[in-house]
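What follows is the residue order along each chain.
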Amino acid sequence: MSNHENMPSADHPAQSPDRAESGVSEARRRLLVRGGMATGPIILTLTSRPVLGGLNPGECISPSQTLSGALSHRGTKVGTCNGRSPGYWKTCSASNWPIPPTTPFHSIFVVGPTPGCSQFNADGSMKTMLQVLNLLGSDDPYKVAFHCIGAYLNILKGLIDPKALTAEGVIALWREWALNGKYVPYAGATPWTGTDIVNYLKNNYISP
């Protein structure tokens, strides 16, 4: 048999090792692209989770900035908050409060059907701010009232940057929670649960 019979023709040149390796790499690339398309929604879901606090201790952001990626526009949108805990307000002297501890809770925060959002004494009188801070168990099951009072008092004391939350803002947050059992921090957001609300107030040092 002639050696010419075993030589590659011009129409069918022999594949070099480099070209063979390139073909394998291309096949792998196509496989990874197909796999990436399949897993894309999962990755998007993970990166779309809200960031409930600033990037550094003491930094605070507004509820609308909890959208993942919003902190890329930092600067004037990020404030500094040094709120005291609700427990501090529960035990400190009345002279340290910005309003009397006997202020009726529902004179500031609306009554609602959500559990823990209707605070009245047995005689029908409204519970005071201090009384609500002292509630236990099912009387304030998510501790939203507890932390909203802390946030409100900290704001009145000037401890919270208004870029993060104002007195009107925390009252509006409570209203939506009390009436609907959820809070939507920005258009299209997944509604916050009571735990999400509390985590936001704590993580931003608004009511830690």
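The paragraphs below set out a description of the structure included in this document. In this text the structure is predicted, and so the values were computed from the model without any measurement.

Focus: the overall build of the chain
Tallying secondary structure elements over the chain gives 6 helices and 2 strands in all. Ordering the α and β elements of the chain from the N terminus gives α-β-β-α-α-α-α-α. Scored against the burial criterion, the 208 residues of the chain give a buried share of 36%. Entry remark: accessible area of the chain is about 11,900 Å², with carbon and sulfur atoms responsible for 57%.

Examining the environment of Lys143
Along the chain, Lys143 falls in the loop between helix 3 (129-133) and helix 4 (144-156). Assessed through its relative accessible area of 29%, Lys143 is described here as partly exposed. Linking Lys143 and Val132, residues 11 residues apart in sequence, is a C-alpha distance of 9.9 Å. Once you skip the residues sitting within four places of it in the chain, Lys143 turns out to touch Leu135 and Val198.

Some details on the state of the cysteines
Think of a disulfide as a covalent bridge from one cysteine sulfur atom to another cysteine sulfur atom. On inspection of all chains with the given rule, the structure shows 1 disulfide. Just so you know, Cys117 is unpaired, no disulfide at all, and the nearest cysteine sulfur is the one on Cys148, 8.7 Å from it.

Brief notes about helix 6 (residues 194-203)
Among all positions in helix 6, only Gly194, Ile197, Val198, Tyr200 and Leu201 are buried. Within helix 6, the buried residues cover an arc of 160 degrees as seen down the axis, which keeps them to one side. The first or second residue beyond helix 6 is Tyr205, which carries a positive phi of 60 degrees.

Looking at unusual backbone geometry
Although it is not a glycine, Lys143 sits at a positive phi angle of roughly 65 degrees. Even without a glycine there, the phi angle at Tyr205 is positive, about 60 degrees.

Section: the nonpolar core
Counting 40 residues, the largest nonpolar core has Phe109, Met129, Tyr152, Trp174 and Ile206 as its most contacted members. If you list the elements that add at least two residues to this core, you get helix 3, helix 4, helix 5 (167-180) and helix 6. Here this core takes 9 residues from helix 4, the largest share from any one element.

Quick notes on the packing of aromatic side chains
Taken as a whole, this structure holds 9 aromatic pairs when the rule is applied. Between Trp89 and Trp97 the ring centres are 6.2 Å apart and the planes differ by 80 degrees, which places this aromatic pair in the edge-to-face class. This pair shows no difference in class: Trp89 is buried, exactly as Trp97 is. Taken together through their ring pairs, the aromatic side chains of Phe105, Phe109, Tyr152 and Trp174 make up a single cluster. We note Lys143 situated over the ring of Phe146; from NZ or CZ to the ring centre the distance is 4.4 Å.

Analysis parameters
- Residues numbered from 1 in each chain as written.
- Predicted model: local features only at pLDDT ≥ 70, side-chain atom pairs only at ≥ 80, totals over all residues.
- Heavy atoms only, no water.
- Helix = DSSP H or I, 4+ residues; strand = E, 2+ residues; numbered from the N terminus.
- Buried < 20%, exposed > 50% of the residue type's maximum accessible area, 1.4 Å probe, protein only.
- Areas by Shrake-Rupley, 256 points an atom, 1.4 Å probe, with all protein chains shown as cover.
- Contact = heavy atoms within 4.5 Å.
- Disulfide = S-S within 2.5 Å.
- Arc of directions from axis to C-beta.
- Core = buried A, V, L, I, M, F, W, Y, C linked by side-chain atoms within 4.5 Å.
- Phe/Tyr/Trp six-rings, centres within 6.5 Å; stacked < 30°, edge-to-face > 60°.
- Lys NZ or Arg CZ within 6 Å of the ring centre and 35° of its normal.

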